[in-house]
Each structure stands twice: as C-alpha cells, then as structure tokens.
Amino acid sequence: ALIISDDCINCDVCEPECPNGAISQGDEIYVINPSLCTECIGHHDKPQCMEVCPVDCIDKDPDHAEDKDSLYRKYLKLTA
Ligand code: SF4
Ligand code: SF4
C-alpha cells in the first residue's frame, strides 16, 4: 500500500482518482486505507494518486510493503 506524508496540502485532487475508494480526508491530512490500496494494480499502470498529487507527498508505505502478486490478489478480492 501507499502512504500520504504530512506534506499533504489537503487539495483533494487524489481522492476521486482512486479506483478503490482507498483515500479519504483524515483529521489533519488525507489518508490511505492500506487494506483497500492495491497501488492501483488491476486498474492502472501507475498509482493514480501519485500521478496527480501536486506536492509528491505519496510514497510506498514501509509498514505495508506488498509485492505485485499480493497486491493483485487484494485487487481480485476487492472486485469479487
Ligand atoms: Fe488508490 Fe491507487 Fe493511490 Fe492506492 S495507489 S490509494 S489504489 S489511487
Ligand atoms: Fe494531499 Fe496530495 Fe492528495 Fe492533495 S493530492 S490531498 S496534497 S495527498
């Protein structure tokens, strides 16, 4: 999964781009639900939130490191 850092400026550009509805407004910054984030695998070539974020504050979440196979399995489970 990916994670949003506290450089987030709450612009709301990423939220509608997420194919899994994984992004929401948190208490202070936007947040990604790691159980819904497939890093866009199954939907797009590149993580759409990273593509649109104007301040590049989204990166891999070291606490939720997943390989492509497990991300794809998550995608299949979410779309079943
Ligand atoms: Fe959503 Fe894709 Fe960003 Fe994960 S990488 S939060 S699935 S847009
Ligand atoms: Fe925050 Fe970037 Fe999303 Fe804007 S696009 S809300 S700055 S994470």
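Structure: above.
None of these values were measured; they are calculated from a predicted model.

**Q** Outline helix α2 (residues 68-79), listing residues and values.
**A** Over its twelve residues, α2 runs 16 Å from end to end, which matches the ideal 16 Å to within 8%, given 1.5 Å per residue. Within α2, burial applies to Leu-71, Lys-74 and Tyr-75. The buried residues of α2 occupy an angular sector of 105 degrees when the element is viewed end-on, so they sit on one face. Set apart from the buried face of α2 by more than 90 degrees, the exposed residues are Asp-69, Arg-73 and Lys-77.

**Q** How would you sum up the nonpolar core? Please name residues and give values.
**A** Note on soluble globular proteins: their nonpolar side chains tend to be buried together. Core analysis: the largest hydrophobic core is formed by 16 residues, its most contacted members being Ile-4, Ile-23, Ile-32 and Ile-58. Of all elements in the fold, only β1 (2-4) and β3 (30-32) reach the threshold of two or more residues within this core. Those residues within four positions of Ile-23 in sequence are excluded, and the remaining contacts are Ile-4, Cys-14, Glu-15, Cys-18, Tyr-30, Val-31, Ile-32 and Cys-49.

**Q** Tell me about unusual backbone geometry, and please be specific about residues and values.
**A** Across residues other than glycine, the phi torsion is negative in most instances, and most of the peptide bonds are trans. Although it is not a glycine, Asp-12 adopts a positive phi angle of roughly 70 degrees. Checked against the element boundaries, Asp-12 lands in the loop between β1 and β2 (23-25). Residue Asp-12 is classed as partly exposed on the basis of its relative accessible area of 33%. With phi around 75 degrees, Cys-40 is a residue other than glycine that occupies positive phi space. Within the secondary structure, Cys-40 sits in the loop between β3 and α1 (48-52). With a relative accessible area of 7%, Cys-40 lands in the buried category.

**Q** Please set out the environment of Asp-67 residue by residue, giving values where relevant.
**A** Along the chain, Asp-67 falls in the loop between β4 (58-60) and α2. Taking relative accessible area as the criterion, Asp-67 reaches 47% and is therefore assigned partly exposed. Each C-alpha atom of the pair Asp-67 and Thr-38 lies 10.0 Å from the other, and the pair is 29 residues apart in sequence.

**Q** Describe the pattern of salt bridges, listing the residues and the values that go with them.
**A** This model, assessed by the stated rule, comprises two salt bridges. For Lys-60, the salt bridge identified is with Glu-39, shortest N-O distance 2.8 Å. Residue Lys-60 is located in strand β4, and its partner Glu-39 is located in the loop between β3 and α1; the two are separated by 21 residues in the primary sequence. The exposed category is assigned to Lys-60, whose relative accessible area is 54%. Residue class for Glu-39 comes out buried when judged on its relative accessible area of 9%.

Criteria and thresholds
- Residues numbered from 1 in each chain as written.
- Chains lettered and ligands numbered in written order.
- Predicted model: local features only at pLDDT ≥ 70, side-chain atom pairs only at ≥ 80, totals over all residues.
- Heavy atoms only, no water.
- Helix = DSSP H or I, 4+ residues; strand = E, 2+ residues; numbered from the N terminus.
- Expected span 1.5 Å × (residues − 1).
- Buried < 20%, exposed > 50% of the residue type's maximum accessible area, 1.4 Å probe, protein only.
- Arc of directions from axis to C-beta.
- Core = buried A, V, L, I, M, F, W, Y, C linked by side-chain atoms within 4.5 Å.
- Contact = heavy atoms within 4.5 Å.
- Salt bridge = Lys/Arg side-chain N within 4 Å of Asp/Glu carboxyl O.

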